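# Architecture at a glance
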2 protein chains.
Amino acid sequence: MRFLKGHGTENDFVLLPDPDGTLVLAPDLVQALCNRRAGLGADGVLRVVPTALEPDAHPYKGEAEWFMDYRNADGSIAEMCGNGVRVYARYLVEAGLAELGELDLATRGGIKHVTVSADSVTVNMGPAVLGDPVDIDGVPATFVDMGNPHAVVHVASVEALGVLDPARKDLNVEYVEDVAERHLRMRVHERGVGETRSCGTGACAAVVAAVLRSGDPRGSAYQVDVPGGRLVVTWQEDGHVLLQGPAVLVAEGEWRDS
Amino acid sequence: MRFLKGHGTENDFVLLPDPDGTLVLAPDLVQALCNRRAGLGADGVLRVVPTALEPDAHPYKGEAEWFMDYRNADGSIAEMCGNGVRVYARYLVEAGLAELGELDLATRGGIKHVTVSADSVTVNMGPAVLGDPVDIDGVPATFVDMGNPHAVVHVASVEALGVLDPARKDLNVEYVEDVAERHLRMRVHERGVGETRSCGTGACAAVVAAVLRSGDPRGSAYQVDVPGGRLVVTWQEDGHVLLQGPAVLVAEGEWRDS
């Protein structure tokens, strides 16, 4: 079975090209691939399949040529992954299946509009939905739904926090520090995972909260430094959030069925 | 650059075939390959080079056809690695460069005698050298040198220990529980690394300490269950220790220079 390995700000993925739509992603196969000692190691698997050949993608036939079948490392299905869709788009371009520029991709979270350049990949993550503030360990946090729920806490220093262990385990929690104007530093505790090197939807939520806090108009690009690299996020006037950053493929090969 | 990925009881390695002896393992390349998010991810790199083509291996010309150039994940040179040499031998057989059965390999730690079968690889790790007992957090531990220093602590339950954090950071510390006759369970804290899924020399030290504790004669095979799988260790009458266990290759491919 052919694979590629890639990452976006160190959120890493195994990509499985499936041009004939014949690959069955059993949970134990996904777990074996993602195992960081006994397998290739990844945060998730991206199966690259034509929309026309994947029953789950039939609602999107005619709208997008390719469907992103995303699985978490534990084998479960996830609707969307902001860094994953960027790495997926990079693969399509490098494999000659799409051209640099704009591209629509089908996901279980709907059609995603992507722009691929030589240095970065930008994805429209859709609208941010605001909710009532939530309490994170005694501190008020901004609630932002990006398809998944986020609580954004403003802190003086993310380095000073030590080990992240919020009491609320049902939310993704972003701890965000101001570095300069429109420049944030972020650490994230993902629900069900723990602290990670990067979280695309988390960076989006952090910038939405920062715009609300500053009172700036929407439409400005913010830099968000995460442990795995730098993302650029823009909360557009139409309410949608753009996520931009590097997406690279580092290896390709054959997985041996063992 | 061609690579393979393999592991022995979840001690994992990137193998780099170098039949012409032309590959330069700069520390930053090793670090990039071993990075678990931005690279392939591994505990170390095994360069597979003919003894005749590697200056470091010239003392062994005529004694062994292949030299194991081993690097830690941080890019530093290490003399030997018990699980690494087993995975290395598996590669030679699968690639048709050696046959099932007995084999001598050159390492910076000297010639290693290996036996490869379909299911496991056994390596003669050389003699165990005993030292004076050492104190590990108030508990007396057996000191065993297997080319690297080990302190073996006998405990009632390795599960009950929680996070391993011995005060002595200059030793590898093995915590060993009796499961049944000649059957141990082990957790290990490797110096400079922390707790790992497996440690070949640590399993050897654990069995040496168990034989001393039991008063059994040498020469019996012990099962050692580590988090990453099962090893079988025999402290021979000649003082040498045999380490046996699974060694598998899971993938192969091309690393992209980025």
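Residues numbered from 1 in each chain as written. Chains lettered and ligands numbered in written order. Predicted model: local features only at pLDDT ≥ 70, side-chain atom pairs only at ≥ 80, totals over all residues. Heavy atoms only, no water.

### Remarks on the relation of the copies chain A and chain B
Put simply, the rule is: Least squares is the method for superposing the copies, and the C-alpha atoms it fits come from residues with pLDDT of at least 70 in both. Two residues qualify as a contact provided that any one of their heavy atoms is within 4.5 Å of a heavy atom in the partner residue.
For the match of chain A to chain B, the screw axis carries a shift of 0.0 Å, the RMSD comes to 0.0 Å, and the turn is 180°. Such a combination of rotation and displacement between the chain copies is what one expects of a two-fold axis. By C-alpha distance to the rotation axis, the residue of chain A lying nearest is glycine 253 of chain A, at 1.8 Å. The share of interface residues of chain A whose copies in chain B are also at the interface is 100%, consistent with both copies meeting through the same surface.

### Side note on the domain arrangement of chain A
Residue and element names in this part refer to chain A. Note the cut-off: Residue ranges assigned to the domains are those given by an automatic or database domain assignment. When two parts are brought into contact, each loses some accessible area as probed by a 1.4 Å sphere; the total of that loss over both is the buried area. Pairs of N or O atoms are called polar contacts if they sit within 3.5 Å, as long as, within protein, a hydrogen donor faces a hydrogen acceptor (for residues adjacent in sequence, only side-chain-to-side-chain pairs). Numbering of helices and strands runs from the N terminus, with a helix taken as a DSSP run of H or I at least four residues long and a strand as a DSSP run of E at least two residues long. All amino acids are sorted into three groups, where Ala, Val, Leu, Ile, Met, Phe, Trp, Tyr, Cys and Pro are nonpolar, Asp, Glu, Lys and Arg are charged, and the leftover types, Gly among them, are polar.
Considered domain by domain, chain A is made up of domain 1 (2–124 + 246–254) and domain 2 (127–244). Once you take the C-alpha centre of each, domain 1 and domain 2 turn out to be 24 Å apart. Residue-level contacts link 13 residues of domain 1 with 15 residues of domain 2. Interface area, domain 1 with domain 2, both sides summed: about 1,000 Å², of which 47% is carbon and sulfur. It is Thr9, Glu10 and Asn124 that lose the most area in domain 1 upon contact with domain 2, and together they represent 47% of the buried surface on that side. Between domain 1 and domain 2 we count six residue pairs in polar contact (both at pLDDT 80 or more) in total. Looking at the side of domain 1 that touches domain 2, the elements that each hand over two or more residues are α2 (82–94) and β7 (121–127). Among the elements that make up the side of domain 1 that touches domain 2, the one with the highest residue count is β7 (four residues). Split into classes, the residues belonging to the side of domain 1 that touches domain 2 amount to three nonpolar, eight polar and two charged.

### Here's the deal with the environment of glycine 228 of chain A
All names here are of chain A. Stated formally: Relative accessibility decides the category of a residue: with a 1.4 Å probe and only protein chains considered, values under 20% of the type maximum give buried, values over 50% give exposed, and everything between is partly exposed.
Relative to the helices and strands, glycine 228 is located in the loop between β15 (221–226) and β16 (229–235). Exposure remark for glycine 228: the relative accessible area of 14% places this residue in the buried category. Separated by 120 residues in the primary sequence, glycine 228 and arginine 108 place their C-alpha atoms 26 Å from one another. If we ignore the near neighbours within four places in the chain, the residues touching glycine 228 are Thr9, Glu10 and Arg197.

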